[in-house]
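Coordinate analysis (summary)
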Amino acid sequence: MPEPETRSERRERQTREVEHSQHELRASIEKTQQLLDQSDAMLRRHRDECDAAPD
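Criteria and cut-off values
Residues numbered from 1 in each chain as written. Predicted model: local features only at pLDDT ≥ 70, side-chain atom pairs only at ≥ 80, totals over all residues. Heavy atoms only, no water. Helix = DSSP H or I, 4+ residues; strand = E, 2+ residues; numbered from the N terminus. Rg over C-alpha atoms; globule rule 2.2 N^0.38 Å. Areas by Shrake-Rupley, 256 points an atom, 1.4 Å probe, with all protein chains shown as cover. Lys, Arg positive; Asp, Glu negative; His and termini not counted. Charge placed at Lys NZ, Arg CZ, Asp CG, Glu CD. Salt bridge = Lys/Arg side-chain N within 4 Å of Asp/Glu carboxyl O. Buried < 20%, exposed > 50% of the residue type's maximum accessible area, 1.4 Å probe, protein only.

Below, the discussion takes up the overall build of the protein. Scanning the protein from terminus to terminus reveals one helix and zero strands. Over its C-alpha trace the protein gives a radius of gyration of 24 Å, far above what one expects of a compact globule, namely 10 Å for 55 residues. If one aligns the C-alpha atoms of the protein with their principal axes, the spans along those axes are about 75 × 20 × 5 Å. Roughly 5500 Å² of accessible area belongs to the protein as shown, and the carbon and sulfur atoms make up 52% of that amount. Charge separation in the protein, taken as the distance between the mean sites of 10 positive and 14 negative side-chain charges, equals 7 Å.

A full pass over the atoms with the stated rule returns two salt bridges. For Glu 5, the salt bridge identified is with Arg 13, shortest N-O distance 2.7 Å. Given the relative accessible area of 34%, Glu 5 is considered partly exposed. Under the relative-accessibility criterion, Arg 13 is labelled partly exposed at 26%.

Within the element layout of this structure, Gln 33 appears in helix α1 (residues 7-52). Along the primary structure Gln 33 and Glu 9 are separated by 24 residues, whereas in three dimensions their C-alpha atoms are 36 Å apart.

Structural data, given as structure tokens:
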């Protein structure tokens, strides 16, 4: 049976887990922003193509 964590070990583990979670969240936000930027560019191109198309 493993020994229970000490208070300081638990605090260190939780700190690492929070830092990892925050890193993952920042990466997810960055990826979401990239996808939004790509979507905006695609919509702009589509709008420009529609505007340039003969009636």
